[in-house]
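What follows is each chain in one-letter form.
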Amino acid sequence: MQALAPSPITNTATNPLRKRGYTTTKLNFHPSQLSIRCSAFGRNGAVTGSRADWQSTCAILASKVISQDHNSGSEKPDNNDNDNNEEEGKTKIAGINGHQILNLLPVSTMTSNSNTVTNNNNNLPKPLSLSTDFSSPPMHGSTLRVAYQGVPGAYSEAAAGKAYPGCEAIPCDQFEVAFQAVELWIADRAVLPVENSLGGSIHRNYDLLLRHRLHIVGEVQLPVHHCLLALPGVRKEYLTRVISHPQALAQCEHTLTKLGLNVTREAVDDTAGAAEYVASNGLRDTAAIASSRAADLYGLQVLADGIQDDSGNVTRFVMLAREPIIPRTDRPFKTSIVFATYDNGEGKGTSSLFKVLSAFAFRNISLTKIESRPHRHRPIRLVDDANVGTAKHFEYMFYVDFEASMAEPRAQNALAEVQEFTSFLRVLGSYPMDMSPWAPSCSDQK
Ligand SMILES: O=C(O)C(=O)C[C@]1(C(=O)O)C=C[C@@H](O)C=C1
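Criteria and thresholds
- Residues numbered from 1 in each chain as written.
- Predicted model: local features only at pLDDT ≥ 70, side-chain atom pairs only at ≥ 80, totals over all residues.
- Heavy atoms only, no water.
- Helix = DSSP H or I, 4+ residues; strand = E, 2+ residues; numbered from the N terminus.
- Buried < 20%, exposed > 50% of the residue type's maximum accessible area, 1.4 Å probe, protein only.
- Contact = heavy atoms within 4.5 Å.
- Areas by Shrake-Rupley, 256 points an atom, 1.4 Å probe, with all protein chains shown as cover.
- Salt bridge = Lys/Arg side-chain N within 4 Å of Asp/Glu carboxyl O.
- Axes fitted to C-alpha atoms, helices over the stretch in contact; angles between N-to-C directions.
- Parallel < 35°, antiparallel > 145°, perpendicular 65-115°, else oblique.
- Left-handed = near helix turned anticlockwise from the far one by under 90°.
- Nonpolar A, V, L, I, M, F, W, Y, C, P; charged D, E, K, R; others polar.
- Near = heavy atom within 4 Å.
- Polar contact = N/O pair within 3.5 Å; in protein donor to acceptor, adjacent residues only side chain to side chain.
- Domains from an automatic or database assignment.
- Buried area = accessible area lost by both parts, 1.4 Å probe.
- Core = buried A, V, L, I, M, F, W, Y, C linked by side-chain atoms within 4.5 Å.

1. A few points about the overall build of the protein chain
Looking only at helices and strands, the protein chain features 12 helices and 21 strands. Among the 446 residues that make up the protein chain, the fraction classed as buried is 57%. Taking all contacts inside the protein chain whose residues are at least 6 apart in sequence as the whole, residues at least 24 apart take part in 80%. As presented, the protein chain carries roughly 18400 Å² of accessible surface, and 51% of it is formed by carbon and sulfur atoms.

Okay, structure coming up:
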């Protein structure tokens, strides 16, 4: 099979690299990529329990949950999860916490000549896209289907395999599509990056978490080890351009400079997609930043290994499902919430954010993350003062992760208190923390 040849189009305003003066490119994939063929490995269970239990645990919050603008679509009962299957639950935790080798797709059979590399392996699954016809979901048997953004060889695919060893990894061309794949029962889970130790938060996914109705059921942290990939025979001196996912470019920014490359940097949808693009278009002046697995899959050589700016480069992914899991107290749990505080004009007093955070501090609950995003429905609040003019206050949604399980009374009490100072509050999920051993991505870093 001839490798797909994505046609580059210029990306628009949203790309963070524009701020840095990078040209941005978006790869479009061929329509034939809409078919879904996934790597199949065996069934992996999920931690679930009686929904009634979870709902009563969270009943305290129910009155405050406000519908967002977007419905999640189908909400049939999730038959993929066995509500009381303790053994399956253990399997999943072992998968998250252990360092299991990812049994991913077979490495492509590639043929190369001096100009192009042809991917002869038609086994690689093709990404779902917004234009995919979801009306007839594929038959899938009992294997857990996990949607991720990117193409085979992307770090998100590796994260899906770490979170759910033995799963079917389903590539999607956008984060939004991964959400929809779960909502529409194309996939059972989505695995999405939310933050990176060098590049920071992946804001798009925070916004999508709020807009969709999926639940966070787990987290997984993946050491990210980047390579500079080019066609066989290409030398660094030939390069005029390096392409990759914006986060990957940001994570390698200083190293690229140190390597003395006189290149422009261009953003594309995902790291492995960049590698595929270089290979399928026979680009001898362009390198991709991607994983060594992407090099194998798309027949590229590794020009430089471990080019992330820090050896501790790690990306945190969350796993999403249609139903929440039952929170437990026999292992470390984390809970993620999103809220909006009352503004002063709503007669609820001042310092709302401080009061919300105090609810956790007073109960010795550690916060592990706080993120703020513009409030979609009221991004700006105007306060007129006849004497001095109009103050324009930005309004935010705050995302907080804290180290406690919703099964713990202290977490329930903290949220009961938080309700007093918030006009909106939603529990995004209460889930086991990733406690896997620390394994930096490379030891020979600069
Ligand atoms: O492009 C990929 O390979 C991805 O999985 C995406 C992504 C990201 O969104 O941050 C994931 C991990 C790395 O930090 C770089 C890129």
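2. Describing the pattern of salt bridges
The tally for this structure, following the rule as stated, stands at 18 salt bridges. Across the pair Arg373 and Asp207 runs a salt bridge, and its minimum N-O distance is 2.8 Å. Taken as a pair, Arg373 in strand β17 (residues 367-374) and Asp207 in helix α6 (residues 203-211) lie far apart in primary sequence, 166 residues in all. An identical accessibility class is assigned to Arg373 and Asp207; each is buried. The closest approach of N and O atoms between Glu266 and Arg241, which form a salt bridge, is 3.0 Å. Taken together, the residues Glu266 in strand β12 (residues 264-267) and Arg241 in strand β11 (residues 241-244) connect sequence positions 25 residues apart. No difference in accessibility class separates Glu266 from Arg241, as the two residues are buried. Several salt bridges converge on common partners, so that one network encompasses Glu195, Glu219, Arg316, Lys334, Lys369, Glu371 and Asp401.

3. Topic: the packing of helix α11 (residues 352-361) against helix α12 (residues 409-420)
Between two packed helices, both the angle of their axes relative to each other and the distance between the axes serve to describe the pair. Running from N to C, α11 and α12 point in directions that differ by 165°, and their axes come no closer than 9 Å. If you check the angle between α11 and α12, you find them roughly antiparallel. At the point where α11 passes α12, the crossing takes the right-handed sense. Mapping the contact onto sequence places Val356, Ala359 and Phe360 in α11 and Ala414, Leu415, Glu417 and Val418 in α12. Grouping the constituent residues of the contact of α11 with α12 by class yields 6 nonpolar, no polar and 1 charged.

4. Quick word on the site of the ligand
Around the ligand, the surrounding shell holds 13 residues, and the nearest of these are Tyr155, Ser156, Gln251, Thr271 and Thr315. The separation between an oxygen atom of the ligand and a polar side-chain atom of His245 is 3.2 Å. Within the side chain of Thr315, an N or O atom sits 2.8 Å from an oxygen atom of the ligand. For the ligand, the protein covers 100% of the area, taking 360 Å² as the surface of the free molecule. Elements that contribute at least two residues to the shell around the ligand include exactly α4 (155-163), β7 (189-196), α7 (246-251) and β15 (314-321). The residues that make up the shell around the ligand include at least three from each of domain 2 (120-223) and domain 3 (227-307).

5. Structural notes on the domain arrangement of the protein chain
Often the size quoted for an interface is simply the accessible area lost on bringing the parts together. Assigned domains of the protein chain: these are domain 1 (2-107), domain 2 (120-223), domain 3 (227-307) and domain 4 (325-432). In this complex, domain 2 contributes 16 residues to the contact, which on the side of domain 4 involves 17 residues. Buried area between domain 2 and domain 4, both sides added, is near 1600 Å², and the carbon and sulfur share of it is 50%. If you sort the residues of domain 2 by the area they bury against domain 4, Tyr206, Leu210 and Ile216 come out on top, with a joint share of 39%. Counting every contact that joins domain 2 to domain 4 gives 3 salt bridges. Note that Lys369 and Glu195 form a salt bridge whose closest N and O atoms lie 3.4 Å from each other. Elements that contribute at least two residues to the side of domain 2 that touches domain 4 include exactly α6 and β9 (215-223). If you tally residues by element for the side of domain 2 that touches domain 4, the top one is α6, at 6 residues. Taken together, the residues of the side of domain 2 that touches domain 4 sort by class into 6 nonpolar, 5 polar and 5 charged.

6. Some points on the packing of helix α5 (residues 175-183) against α6
At a minimum axis separation of 10 Å, α5 and α6 run at an interaxial angle of 30°. Here α5 is positioned roughly parallel relative to α6, judged by the angle of their axes. Classified by chirality, the crossing of α6 by α5 is right-handed. Seen from α5, the contacting residues are Phe175, Glu176 and Phe179; seen from α6, they are Arg204, Asn205, Leu208 and Leu209. Taken together, the residues of the contact of α5 with α6 sort by class into 4 nonpolar, 1 polar and 2 charged.

7. A short note on the nonpolar core
In terms of nonpolar packing, the biggest core is built from 49 residues, with Tyr164, Val191 and Leu320 touching the most fellow members. At 6 residues, α5 tops the list of elements feeding residues into this core. Here Val191 is in contact with Val146, Ala147, Tyr148, Ser156, Ala159, Ala160, Ala163, Tyr164, Phe317, Val318 and Met319, once residues within four sequence places are set aside. The next biggest cluster of nonpolar side chains, apart from the first, holds 41 residues, and it includes Leu239, Val242, Val263 and Ile307.

8. What about the side chain of Gln251?
Mapped onto the elements of the fold, Gln251 is located in helix α7. Within the structure, Gln251 has its side chain in polar contact with the side chain of Asn196 (distance 3.2 Å). Only 2.7 Å separates the side chain of Gln251 from the side chain of His226, close enough to count as a polar contact. Excluding residues within four positions of it along the chain, Gln251 makes contact with Asn196, Leu198, Gly199, Val224, His226, Ile307, Gln308, Asp309, Asn313 and Thr315.

9. Section: the side chain of His245
Note on placement: His245 falls in the loop between β11 and α7. At 2.9 Å, the side chain of His245 and the backbone nitrogen of Gln247 are in polar contact. For His245, the contacting residues outside a window of four places in its chain are Val268, Asp269, Asp270 and Thr271.

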